[in-house]
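# Examination of the molecular architecture
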Amino acid sequence: MSIMSSLTELLSASGDAAYDWDLQSDHINWFGAWEKLFGAKASPPHNSETFYHLICADDRHLIFGVEEHVLDRQFRLRAPDGRLVWVHERGSAEVENGHIARQRGILRVIEKPQERGLNPETLGKDTLTNCFNRAHMLAQISKTMEAAKSSRRASAYLVLGIDKMSFVNEAVGMEAGDALLRGVAERLGQIIPTRAILARVGGDMFGVLLPEPLGADLPILAERLLQSFRDQPVVTSVTPLHITISLGGVRLPTVAKSATEAMIFAEQAVHDAHQRGRNLFVEYIDSPERAQGNRMLLELGERIKHAFKHDGFRLAYQPIVSAATGRVESYEALVRMFGDDGKPIAAALFVPAIEQLGLAFELDCRIFDMAVRDLETSPDLRLAVNVSGLTVAQADWHDYVKHALADRRSVAERMVIEITETAAIVDVGETRRFADAFRELGGRVSLDDFGAGFTSIRHLRSLSLSIMKIDKDMLHNLTTNAEQQHLVRMLIELARGLGLKTVAEGVESGDVAAWLRREKIDMMQGYYFGKPSLEKPWLAKNAETAGSADMLSASHAIVDASLLKLRALAGY
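Residues numbered from 1 in each chain as written. Predicted model: local features only at pLDDT ≥ 70, side-chain atom pairs only at ≥ 80, totals over all residues. Heavy atoms only, no water.

## What to know about the packing of aromatic side chains
Counted under the stated rule, the structure contains 15 aromatic pairs. Taking the centre distance of 5.5 Å and the plane angle of 55° together, the rings of Y331 and W538 count as tilted. Placement of the pair is Y331 in strand 12 (residues 328-338) and W538 in helix 20 (residues 537-569), with a sequence separation of 207 residues. W538 shares its class with Y331; the two are buried. The positively charged end of R187 is found above the aromatic ring belonging to F229, 4.9 Å away from the centroid. (Phe/Tyr/Trp six-rings, centres within 6.5 Å; stacked < 30°, edge-to-face > 60°. Helix = DSSP H or I, 4+ residues; strand = E, 2+ residues; numbered from the N terminus. Buried < 20%, exposed > 50% of the residue type's maximum accessible area, 1.4 Å probe, protein only. Lys NZ or Arg CZ within 6 Å of the ring centre and 35° of its normal.)

Next up, the structure:
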């Protein structure tokens, strides 16, 4: 019997499965009891794409985009019967030319996850409302649509958005805002049909899946929900709150042909409801113009997925300088995406598409990992990283960051996480929880684009912020517009009074930079000081410094030699 056969029998006897993954050819060979993971009637995943779809969406960041040499991790697989199964993996990776070329490991099913602190009851759940989360809803829509192929009865997907949630947080505070979200979830649970599936799919949005034959009642349910919120306040532990909602719905599978399309179309319909005045229901109806836009979005989605699989995302670095000294204090890491032709794709195109396609969390984890690697390899480097508001609202993000930086305090202390003001005020409570947790790790949180939203001083004081970045639009006509100068001056004074450092974004001229220096801004960023670069500027700077040091050493050596000659001539 060959060694390989003996190894396979040993693995099968132990109930474990082993794999050998050639990442260069993207082919996976399996040995042992792989049927226990993927089902006896199924085939094991043979490449990254087939493996990707078998892993729980919330756990994919643990497997893909990670370049660890020693593997010891836990994640969840989708079992043949639809259950999520906890798996423990141990293994190692081989590196060639700076990249992982081959990966080998052993997978074992965790039979009693509760004993290891892994609670199956919370899988796919939103921790604030105890509803399912977006990833779970996406999987359920896909499952429902697959079942509908053999039936003529339609299902439907409905999205509810709370009107002006940011103003609710502003008026009554984040504790009441959190209580409102829980109250809305409870109200929905009371009204929607028993077989309907409820999930929190965004900061202020809930999704309701109506499987067949409930989909036929989509307009009736929408009107019932609208009337309920119009007539009765949401009773919370803080105070009764009167709100209105906007609804968007889509028919499955007659209009939306996939789960991704269903989410996009329903959320577009909610946006249409907002545009038409809010407090109403809009059913998504296709049109030639909209169909073309959605085709472009889905085509871009395929390019985005290709970029995830083939390392098509890179970081560009823009310097942030000290206003007092002009020296580079840190860099902002800005994501750039490249197509399979090697050409860059504009961020204005792919970033909104990533959020619409529900890939924001995955991208933010990828960016975060790249930034951590940069900080680990350059001990003097400081980096600022942008994070989507959709990501900050997820408890999984908190856990991901905590796990990544638990033993890397020196890395966390040199990292700043930037959250946009508009995202922060939609879910102030979740933003504060993340800011507190990140500060405990040693990191700092910056409020980006300040001046674009309506954050109150009360929220600024409660968010555990370290830095305020003044929105670049606030610098428009700054040197000639007295009113604009007054506004920027007020923001600088406000930040100083709250103990926050200030950064002015979008500085493009010496005149603007000089005005900001006079007003004692702390830091500045913009094309005047440097455009984003795909190269690592600090490496070039270090090389230049090292070169200068070598020249200085050589000069000292010449001087020392000359002194020795003089001393010899003088008889010393």
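Still to come is the rest of the account.
## Some words on helix 8 (residues 259-275)
With 17 residues, helix 8 extends 25 Å from end C-alpha to end C-alpha; this agrees with the ideal 24 Å at 1.5 Å per step. For helix 8, the buried fraction is high: 13 of the 17 residues fall into the buried class. Just downstream of helix 8 lies G277, where phi reads positive at about 120°. (Expected span 1.5 Å × (residues − 1).)

## Notes on the nonpolar core
Among the nonpolar cores identified, the biggest contains 118 residues, and I141, Y157, I304, F313, F368 and L516 are the most heavily contacted of them. Not counting the four nearest positions on each side in its chain, F368 is found in contact with W397, Y400, V401, A404, L405, M415 and I417. By size, the runner-up hydrophobic cluster in this structure holds 32 residues, among which are I192, L218, A222 and L226. (Core = buried A, V, L, I, M, F, W, Y, C linked by side-chain atoms within 4.5 Å. Contact = heavy atoms within 4.5 Å.)

## Considerations on the sheet that holds strand 2 (residues 27-32)
Adjacent strands of a sheet pair through backbone hydrogen bonds, lying either parallel or antiparallel. If you walk across this open sheet you meet the 5 strands as 2-1-5-4-3, and the pairing is antiparallel. Strand pairing shows two members of the sheet lacking a second neighbour, strand 2 and strand 3 (70-78), which therefore form its edges. Across the sheet, the mean angle separating the axes of adjacent strands is 25° when strand polarity is ignored. Here strand 4 (residues 84-96) pairs with strand 5 (residues 99-109) via 10 bridges, running antiparallel. The partner of R90 across the bridge, within strand 5, is I106. (Pairing = 2+ DSSP bridges. Axes fitted to C-alpha atoms, helices over the stretch in contact; angles between N-to-C directions.)

## A word on the confidence of the model for the protein chain
Mean pLDDT over the protein chain works out to 82, with 83% of the residues at or above the 70 mark. When pLDDT is averaged over each element of the protein chain, strand 19 (residues 523-525) comes out on top at 97 and helix 20 at the bottom at 50. Considering only residues more than four positions removed or in separate chains, one finds that residues 546-572, a stretch of pLDDT under 50, has 1 contact. (pLDDT = per-residue confidence, 0-100.)

## Quick notes on the packing of helix 8 against helix 9 (residues 288-309)
Viewed as axis vectors pointing N to C, helix 8 and helix 9 meet at an angle of 130°, and their least axial separation amounts to 12 Å. It follows from the interaxial angle that helix 8 and helix 9 lie oblique. Relative to helix 9, helix 8 is oriented so that their crossing is right-handed. Each of T260, E261, I264, F265, Q268 and D272 in helix 8 lies in contact with helix 9, whose residues at this interface are R290, N294, L297 and L298. (Parallel < 35°, antiparallel > 145°, perpendicular 65-115°, else oblique. Left-handed = near helix turned anticlockwise from the far one by under 90°.)

## Here we look at the sheet that holds strand 9 (residues 245-252)
As summarised here, the arrangement of the 5 strands in space is 7-8-6-9-10, forming an open sheet in which the pairing is mixed. Edge positions in the sheet fall to strand 7 (197-202) and strand 10 (281-283), since each of these pairs with one other strand and no more. Sheet twist, expressed as the mean angle between neighbouring strand axes with direction ignored, is 20°. Of the pairings in the sheet, the one linking strand 6 (residues 155-162) to strand 9 comprises 8 bridges and is antiparallel in character. Note that in strand 9 the partner of L158 across the bridge is G249. Strands strand 6, strand 7, strand 8 (205-210) and strand 9 of the sheet are contacted by helix 4 (residues 134-148), whose axis makes an angle of about 130° with strand 7. Contacts from helix 8 reach strand 6, strand 7, strand 8, strand 9 and strand 10 within the one sheet, and its direction differs from that of strand 9 by about 145°.

## Here's the deal with helix 11 (residues 360-377)
Here helix 11 spans 26 Å end to end across 18 residues, near enough to the 26 Å set by a 1.5 Å rise per residue. Most of helix 11 is tucked away, with 15 of its 18 residues classed as buried.

## Section: the pattern of salt bridges
Going through the model one piece at a time under the given rule, you end up with 21 salt bridges. One salt bridge in this structure joins E89 and R73, with 2.8 Å as the shortest N-O distance. Remark: R73 occurs in strand 3 and E89 occurs in strand 4; sequence separation between them is 16 residues. For the pair E89 and R73, a shared accessibility class is recorded, and that class is buried. R200 is paired through a salt bridge with D126; the nearest N and O atoms lie 3.3 Å apart. In this pair, R200 is assigned in strand 7 and D126 in the loop between strand 5 and helix 4, connecting sequence segments 74 residues apart. What emerges from the salt-bridge pattern is a single network uniting D20, D22, E94, R102 and R104. (Salt bridge = Lys/Arg side-chain N within 4 Å of Asp/Glu carboxyl O.)

## Observations concerning unusual backbone geometry
Cis peptide bonds are those with omega within 30 degrees of zero, and the linkage from E212 to P213 qualifies with 0°. Within the secondary structure, P213 sits in the loop between strand 8 and helix 7 (218-231). A cis amide bond, omega -10°, links L252 with the succeeding residue P253. Residue position: P253 is located in the loop between strand 9 and helix 8. Even without being a glycine, K164 presents a positive backbone phi close to 55°. For K164, the position within the fold is in the loop between strand 6 and helix 5 (165-172). Even without a glycine there, the phi angle at D311 is positive, about 55°. Structurally, D311 can be placed in the loop between helix 9 and strand 11 (313-322).

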